[in-house]
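An overview of the molecular structure
Read off the chains here:
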Amino acid sequence: MKLLKPTWVNHNGKPIFSVDIHPDGTKFATGGQGQDSGKVVIWNMAPVLKEEDEKNENIPKMLCQMDNHLACVNCVRWSNSGMYLASGGDDKLIMVWKRATYIGPSTVFGSSSKLANVEQWRCVSILRSHSGDVMDVAWSPHDAWLASCSVDNTVVIWNAVKFPEILATLRGHSGLVKGLTWDPVGKYIASQADDRSLKVWRTMDWQLETSITKPFDECGGTTHVLRLSWSPDGHYLVSAHAMNNSGPTAQIIERDGWKTNMDFVGHRKAVTVVKFNPKIFKKKQKNGSSTKPSCPYCCCAVGSKDRSLSVWLTCLKRPLVVIHELFDKSIMDISWTLNGLGILVCSMDGSVAFLDFSQDELGDPLSEEEKSHIHQSTYGKSLAVMTEAQLPTTIIENPEMLKYQQRQQQQLGHKNAATREAGSNPKVASMVNGESLEDIRKNLLKKQVETRTADGRRRITPLCIAQLDTGVNATSAAAVPPTSSSSVLTTPSKIEPMKAFDSRFTERSKATSGTGPATITNVNQTAVDRLKEQNLVKETKVKDILESSSDSDEKIPISKSSSLPKRKLDLEGEIVEKKKKGRPRKDTRLLPVALSMQSPAALTADKDALCVSAPALALKLPTPAPQKSFALQVSSDPSLYIEVENDVTAVGGLKLSRLKCTREGKEWETVLTSRILTAAGSCDVVCAPCEKRTLSVFFSWGRGLLPPFFWHSPVSMFHCKGPYIMALISAATLFVWDVHKQVVVIKDESLQTILSGSDMTVSQILLTQHGIPVMNLSDGKAYCFNPSLSTWNLVSDKQDSLAQCADYRNSLPSQEAMLCSGPLAIIQGRTSNSGRQATRLFSVPHLVQQETTLAYLESQMAAALTLQSSHEYRHWLLIYARYLVNEGFEYRLRELCKDLLGPVHHSTGSQWESTVVGLRKRELLKELLPVIGQNLRFQRLFTEYQEQLDILKDK
């Protein structure tokens, strides 16, 4: 661990009350007292991280100073996207800032000309509601809401997409509210106040979930702030300023039952701030040690009025590190870097400190995919695939859903029996959160785990399934500890239970650690009934699939049978008997889709059971059921919201559907004659697929763009990007249109080519800004369709051995920000593969490693080229060139330069293209030359192409 105190970060001797690091790690903000007003300053992070940057006068330290607040600033917080900065102060105001990229540098008002604002940040919203000082602000996950708290005893929830709209004002505290924190899965928000209470509020209805007072009964005196924090796994909420046996503590509150049996102890004065590391860690595997997976754990930093800082790992009984007398006055705020290895701390004495940890000290951070899997496993949903509009309704909490499912199972059983007797397809009209109960039931059945005991008996591990949020308070449920709820998961998904931290305190400090996974010996009868129910569903589903869609009069005959062969006839209803090794990374820009597939080989294997005359392969996608109403956000920049209301009664009893769109605060609406199934939009168009296989298309500002489209099958999944519209229809074919040019880009393209395996499903879809569709499959492969070649191209493979063996760490640019975003990064996951398999690389011969690295880098360039992602192509081209220079591949390097330079003299017969994916090749060559010049071996090559470029410039 390294500790440093950059003295240049200051408010001219005035207190600093808040600090927050930007999500991209390049800057941080401080808030506090200015000369005659409140002050917000944005600083460059690079001089903090690197000593050479600190000494370099050409690298600015201060990026921007804002003095708009009329009084002291108590809190600054970046939005999760990094686009906005919120600040709250004693002037009772919250200001929301956004960078103005079109304004050049300027000087700070009232200062000498030397103090210049390198970046320009302008106030885009001023939020007025509080009648007293604003003490804390907090952005919700995915930036749907902004919460603020004040000495007026209230918490205000603002609509972060429609400032200054207020969604709710939470009243219940009888003292000054001084701290806020959001549950990482968006279910709750917690507040702490001087009234010696901590309150947890539900985001579903903004009502009080629980009020916790016991740990704060002994608290005397006050602190300037009470900054509490929620753990990144969602299991623990840690408070500031609690007491236990007359000693100051940070109280640990378990999400399960809101129990208060544990605390962080050791500080001599009141705890002012607690901040969890955003990462979840696992123990670092040392060379030669066993590969037995360890339980994930969290890391938490605690600051106090005693001027000391302690850092805790939840897998240890004692703090990892304690730094005494870090400042001259109380610690006010703490912020972690997004990679979880750095921490900034600020004090009332007007200074900041930076601590830099290593992975050896904290452990290996879990990937975002693993973190999302923990959320998915524990709460039933992961924020990785949710939009803002879904947050209040789609989060699933753990203890209660088993009762709910049993009740719905009985209803479904009656409904299915009735439909079988009537000879019709089973349809479930009930909807929960936009998802039919039938789909929910099938997804739950997928998760059943069947094992066999030593004597050969079957055993079904009961699932701990959460209750869906339907507006019913589930607090009366029997509490299920998080550790036991994770007993059906794979080992790495269990969360390390909190342990007692000090034996010198009373019983609350001596709480026993969480119990491990219990052995379940009796089979739940409901689970067995569920299996029987599933078989009944399979019987009817076979009929569904083998018959053509409802839009065709032709049916495929099926001979009746009392029993079906025990095959996996429907992938949607199958029992998963073993865990998948991996799952594709989820992103808010990727849309999940489940696909069922019917293989005639499986259907005709038992001639006595079925008589089939079907095409070679029958694919069918599920279709969305109509809802009474729904709303969704389709774009954040510009802000674009869509609201749909079906079955609106008009004059004469006529039923219409209303489509309402809000674009950057301006609203328009229209009505349609058919019920709207789903909606999508972009900055250019808004689309509404309807019943009767129609699609209505509008400009994003409201006017109808085209007459309604008609399809041969109902729509299954839908997406828009720019002027492009992408539709997957239930017949498992793909369409893409460019509505501006009014041309079809991809017409009725079947997914059969890429879904060759019987167990294959489409897990996620993506449409690029150039109208290229991408399909992520359940086996970890991703394909894009190339309209020019009419082929499916493999652009990513999670199990690709080239990616496992490639090692190009030495060829990466110095700044990690170069790890650019784009369609390829979204498909493959945001983290770089380089060096992940370091232990494997020791056993790989250097020549083989070179070959695999070259092949991998070339495949990345080809994938970016196919996806027409210009900045990603440039990114991988530069890495490829650095690797060629570092490894001495002169022949390949010369061929690369030759292609980028092209013919020096114009030739009519030349087929050389001067651009690639919109980038000028010779401009790319100019970027490569400094890289080539770093290796003296390539002096002649450098000189040759430098001279050629100079000749062309003179021409």
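Residues numbered from 1 in each chain as written. Predicted model: local features only at pLDDT ≥ 70, side-chain atom pairs only at ≥ 80, totals over all residues. Heavy atoms only, no water.

In this section: the overall build of the protein. Within the protein, the regular secondary structure consists of 18 helices and 58 strands. Burial statistics for the protein: of 955 residues in total, 53% are counted as buried. If you take every contact in the protein between residues at least 6 apart in sequence, the share linking residues at least 24 apart comes to 56%. A total of about 42,800 Å² of accessible surface is found on the protein, and carbon and sulfur atoms cover 49% of it. (Helix = DSSP H or I, 4+ residues; strand = E, 2+ residues; numbered from the N terminus. Buried < 20%, exposed > 50% of the residue type's maximum accessible area, 1.4 Å probe, protein only. Contact = heavy atoms within 4.5 Å. Areas by Shrake-Rupley, 256 points an atom, 1.4 Å probe, with all protein chains shown as cover.)

It is worth spelling out the sheet that holds strand β18 (residues 197-202) at this point. To summarise the sheet geometry, strands pair through backbone hydrogen bonds and adopt either a parallel or an antiparallel arrangement. Read across the open sheet, the 4 strands follow the order β16-β17-β18-β19; overall the sheet is antiparallel. Each edge of the sheet is formed by a strand with only one pairing partner; in this case those strands are β16 (177-182) and β19 (208-212). Within this sheet the neighbouring strands show an average axis-to-axis angle of 20°, counted without direction. Two elements, β18 and β19, share 4 bridges in a ladder whose sense is antiparallel. Note on β19: the bridge partner recorded for Val 200 is Thr 210. (Pairing = 2+ DSSP bridges. Axes fitted to C-alpha atoms, helices over the stretch in contact; angles between N-to-C directions.)

The next subject is the confidence of the model for the protein. Looking at the protein as a whole, its pLDDT mean stands at 74, while 69% of the residues score no less than 70. The weakest mean pLDDT in the protein belongs to helix α8 (residues 482-485) at 36; the strongest belongs to strand β12 (residues 134-139) at 95. Counting interchain partners and residues more than four positions distant, the pLDDT-below-50 stretch residues 444-448 has 19 contacts. (pLDDT = per-residue confidence, 0-100.)

Next up on the list: the sheet that holds strand β4 (residues 38-44). The antiparallel open sheet is built from 4 strands, whose spatial order is β2-β3-β4-β5. Strand pairing shows two members of the sheet lacking a second neighbour, β2 (16-21) and β5 (62-66), which therefore form its edges. Pairs of neighbouring strands in the sheet enclose a mean axial angle of 15°, with direction left out of account. Pairing geometry for strand β3 (residues 27-33) and β4, over 7 bridges, is antiparallel. Note that in β4 the partner of Ala 29 across the bridge is Ile 42.

This brings us to the packing of aromatic side chains. The final tally for this structure, using the stated rule, is 19 aromatic pairs. Both rings, one in Phe 735 and one in Trp 737, keep their centres 5.3 Å apart while their planes meet at 10°; by these two values the pair is stacked. Take Phe 735: its relative accessible area is 9%, and that puts it in the buried class. The exposure class of Trp 737 is buried, given its relative accessible area of 12%. Aromatic ring contacts, followed pair by pair, group Tyr 84, Trp 139 and Phe 163 into a single cluster. (Phe/Tyr/Trp six-rings, centres within 6.5 Å; stacked < 30°, edge-to-face > 60°.)

The next thing to look at is the pattern of salt bridges. For the coordinates displayed, the defined rule picks out 26 salt bridges. The residue Glu 51 makes a salt bridge to Lys 55 at a minimum N-O spacing of 3.1 Å. Taken together, the residues span about one helical turn, with Glu 51 and Lys 55 both in helix α2 (residues 51-55) at a distance of 4 residues. For the residue pair Glu 51 and Lys 55, the accessibility class agrees, reading exposed in each case. Residues Glu 944 and Arg 894 are paired through a salt bridge, measuring 2.9 Å at the closest nitrogen-oxygen approach. (Salt bridge = Lys/Arg side-chain N within 4 Å of Asp/Glu carboxyl O.)

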